[in-house]
Amino acid sequence: MITAPDRTPLTREFFDRPVLDVAPDLLGRILVRSTPDGPIELRLTEVEAYDGPNDPGSHAYRGRTPRNDVMFGPPGHVYVYFTYGMWHCMNLVCGPKGMPCAVLLRAGEVTEGAELTRKRRLSARNDKELAKGPARLATALDVDRALDGTDACAPGGGPLTLLTGAPVHSDQVRSGPRTGVAGDGGVHPWRFWIANDPTVSPYRAHVPRRPRT
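Conventions and cut-offs
Residues numbered from 1 in each chain as written. Predicted model: local features only at pLDDT ≥ 70, side-chain atom pairs only at ≥ 80, totals over all residues. Heavy atoms only, no water. Helix = DSSP H or I, 4+ residues; strand = E, 2+ residues; numbered from the N terminus. Rg over C-alpha atoms; globule rule 2.2 N^0.38 Å. Buried < 20%, exposed > 50% of the residue type's maximum accessible area, 1.4 Å probe, protein only. Contact = heavy atoms within 4.5 Å. Areas by Shrake-Rupley, 256 points an atom, 1.4 Å probe, with all protein chains shown as cover. Salt bridge = Lys/Arg side-chain N within 4 Å of Asp/Glu carboxyl O. Pairing = 2+ DSSP bridges.

Caption draft 1: Inspection of the overall build of the protein at higher detail. What the protein contains, in helices and strands, is four helices and nine strands. The order of helices and strands in the protein, counted from the N terminus, is β-α-α-β-β-β-β-β-α-α-β-β-β. The globule rule puts the C-alpha radius of gyration for 213 residues at 17 Å, and the 16 Å found for the protein is close to it. Expressed along its principal axes, the backbone C-alpha trace of the protein runs to roughly 50 × 40 × 35 Å. Out of the 213 residues belonging to the protein, those deemed buried represent 50%. Excluding contacts between residues fewer than 6 apart, the proportion of contacts in the protein whose partners are at least 24 apart in sequence is 63%. Of the roughly 10,800 Å² that the protein leaves accessible, carbon and sulfur atoms contribute 53%.

Caption draft 2: Quick look at the pattern of salt bridges. What the rule picks out here adds up to 16 salt bridges. Where Arg43 meets Glu109, a salt bridge forms, and the shortest distance between an N and an O atom there is 3.3 Å. With Arg43 in strand E3 (residues 38-50) and Glu109 in strand E6 (residues 101-112), the pair connects residues that are 66 residues apart, well separated along the chain. Residue classification places Arg43 among the partly exposed positions, given a relative accessible area of 21%. Residue classification places Glu109 among the partly exposed positions, given a relative accessible area of 24%.

Caption draft 3: The pairing of strand E2 (residues 30-35), seen in detail. Of all the six residues making up E2, five are buried; the element is thus mostly covered by neighbouring parts of the structure. Counting the residues between successive antiparallel strands, the hairpin from E2 to E3 contains two residues. When E2 meets strand E7 (residues 160-165), the two strands line up antiparallel, connected through four bridges. Among the inter-strand pairings, Leu31 is bridged to a residue of E7, identified as Leu162.

Caption draft 4: Spatial organisation of the pairing of strand E9 (residues 191-194). Neither face of E9 is left uncovered, since the one carrying Arg191 and Trp193 and the one carrying Phe192 and Ile194 both have all their residues buried. With three bridges joining them, E3 and E9 adopt antiparallel strand pairing. Bridge pairing links Val47 to Phe192 in E9. Examined bridge by bridge, strand E8 (residues 173-176) and E9 share four bridges and lie antiparallel to one another. Looking at E9, one finds that Val173 is bridged to Ile194.

Okay, structure coming up:
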């Protein structure tokens, strides 16, 4: 018997835990994006943990800046950053206020509103690719810096909400090196994904950018 996903919103207490506990526990949860054209729902299948001042790969490793301010809490808020001059990526802040930890949402399966995401992801060859990768995920959900700081645990909901969904059993969770992270931050096996899920993005090691000539 297949149990329907739980529609109960995740509480702030869910996010107020160590990042390495929250990250794998987000797999199978449902992210709801409310838009003027209708809701989009995404089942999370791949995430990546960033442990603030303890993590050279984290945006908050060297301290607080206007860009990473949301990472410092409170938990349950959305941190959105702009990268490579063209893409946005979405994170969920976790841990106690003042400890800048976050989970990057790397991939997911669109379970509702696929027709809306297809309009934004014209290059996707099929629906499995709509949110296969963090920039694709943000693009599919129409997430940009305007949503930075959004409270995903706001009473009554908001533009972004997390539902309990159908948590993944631990024997279906895999972990490995984070994608595209250089130096000491690249060695941590803090990328988590659902085994054999077709929406999970391929692993890519960091490749240094060529200097401009």
